[in-house]
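Listed below, chain by chain, are the residues.
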Amino acid sequence: MIRALKDQMKTLVEDNWDPYNEKVDTFGTDSAANAARGDYFLDSSNTVHYFAEPKAFPQKEDAKEEEKEEINKDKMSILNKAGHGMHTIPGTFQDYTRSEKMKNLVLDLGWKDPVVPQSMYIFKQGKIGGPYASNRVKIVIVWERVAVSAEIVPHTFFLFLSLLLLNLSIYIGTVHSHQDSTFLFTTPRQTCLGLWLALDDATLDNGCLWVRPGSHKEPLRRQFIRNPDYFDSAKPDGSNNTPKLTFRQHHDNPNVSWEGDLPNTSLLEAGFIPVEVKAGDLVTFCGTLDHLSLPNFSNLPRHTFQLHLVEGPNEGITWSPSNWLQYPQGESFMKLVNDEKQ
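Every value quoted in this text rests on a predicted model; they were computed, and no experiment measured them.

Enquirer: Hey, could you run me through the nonpolar core in this one?
Expert: One broad rule of soluble globular proteins: the nonpolar side chains tend to lie buried together. Counting residues in hydrophobic clusters, the biggest one holds 45 residues, and the most contacted among them are Met9, Tyr50, Ala82, Met86, Phe93, Tyr121 and Trp324. Beyond its immediate sequence surroundings of up to four residues, Met9 is in contact with Tyr50, Met76, Ala82, Met86, Phe93, Tyr121 and Phe123. Listed in part, the 21 residues of the second largest apolar core include Cys208, Leu209, Phe272 and Val277.

And the structure:
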């Protein structure tokens, strides 16, 4: 299955993405990147669009012919992610999503009417942050590894780690702290379930998940929405400089000072723990869990395929009409359980 998922992704990129002859969007997870998203991002809801790593892709006007040739030989090496409708494409991604194992797992976890709004392939490229960042993160990883294995972590460890982690969030490849339900908001309650499939081993060295245990019981802090100041404007034709997307605040958590960023202290001191897994392992968590990942400074990419499910209308759940992700009128999210089988 892992090999088949990787092979389909490679085929999709090679056959359908020409970075020098079509629109190229980059993808970051900081506040500025989220606010800057445009139509290419919005139109990716039920298909596959390709998002390059910031600063890893030479712009068309700046790229030399030899650079273009090198990139075209391995286009996947500059990608951050592909999404957000991988499961809608016939082939392995759809087969995996619709599999009996997936359906049974989700039902066993307590979901009754699971539907699939979103899926993504994350590339987590290696060594794209530069040598200075690489060395800095390697030091952090060494000390975090020591701290994780220590029964008692001296305060000096945390102080040292805090200094090293300052401004780490500016480096390419960081996935900032977030709750998935921010992007997959449902009412009258949050029902998002994340299914994070490791296609490579995920370690401290290559940017594994970090999660904050207990945070899944906390309220959702904010929601990523289509900005009404833009879409309700009289000029939604490009002459409106208002951002198309914005955040709506739902709950202020005084204990979370790093919203949309990284903690300005040690991840361990902030309550996060690393989740190292083997290729083929599936990590599942609800949409209010606070999680992040640091850059990958190993030699190789760390690929994952991620599904996000929510409860459907048969359970009295409504997909927020304000969410950034909206399917074209008349199209519905993929159901994992047929109505007659419920």
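Enquirer: Is there a simple way to think about the side chain of Ser45 in this case?
Expert: Following the sequence through the fold, Ser45 ends up in the loop between α3 (39-42) and β2 (48-52). Judged by relative accessible area, which is 3%, Ser45 ranks as buried. Here Gln326 takes part through its backbone oxygen, which lies 3.1 Å from a polar atom of the side chain of Ser45. If we skip the residues at most four places from it in the chain, Ser45 touches His84, Gly85, Pro117, Leu325, Gln326, Tyr327 and Pro328.

Enquirer: Sorry if this is basic, but what is going on with the sheet that holds strand β13 (residues 291-293) here?
Expert: Sheet strands line up and pair through hydrogen bonds in the backbone, either parallel or antiparallel. Strand order in the open sheet made by the four strands is β5-β13-β8-β11, with antiparallel pairing throughout. The sheet is open, and its two edges are formed by β5 (175-178) and β11 (273-275), each paired on a single side. Shown here is a sheet whose adjacent strand axes are inclined to one another by a mean of 25 degrees, direction ignored. One ladder, built from two bridges, connects β5 with β13; its direction is antiparallel. When the sheet's bridge partners are listed, Val175 is paired in β13 with Ser293.

Enquirer: What am I meant to see in the pattern of salt bridges here?
Expert: This structure, assessed with the given rule, holds eleven salt bridges. With a shortest N-O distance of 2.9 Å, Arg212 and Glu218 are connected by a salt bridge. An identical accessibility class is assigned to Arg212 and Glu218; each is buried. Note that Arg221 is salt-bridged to Asp290, the shortest N-O span being 3.4 Å. One end of the pair, Arg221, is in the loop between β8 (209-211) and β9 (222-226); the other, Asp290, is in the loop between β12 (282-286) and β13, and 69 residues separate them in sequence. Given a relative accessible area of 2%, Arg221 falls into the buried group.

Reading the values: rules and limits
- Residues numbered from 1 in each chain as written.
- Predicted model: local features only at pLDDT ≥ 70, side-chain atom pairs only at ≥ 80, totals over all residues.
- Heavy atoms only, no water.
- Core = buried A, V, L, I, M, F, W, Y, C linked by side-chain atoms within 4.5 Å.
- Buried < 20%, exposed > 50% of the residue type's maximum accessible area, 1.4 Å probe, protein only.
- Contact = heavy atoms within 4.5 Å.
- Helix = DSSP H or I, 4+ residues; strand = E, 2+ residues; numbered from the N terminus.
- Polar contact = N/O pair within 3.5 Å; in protein donor to acceptor, adjacent residues only side chain to side chain.
- Pairing = 2+ DSSP bridges.
- Axes fitted to C-alpha atoms, helices over the stretch in contact; angles between N-to-C directions.
- Salt bridge = Lys/Arg side-chain N within 4 Å of Asp/Glu carboxyl O.

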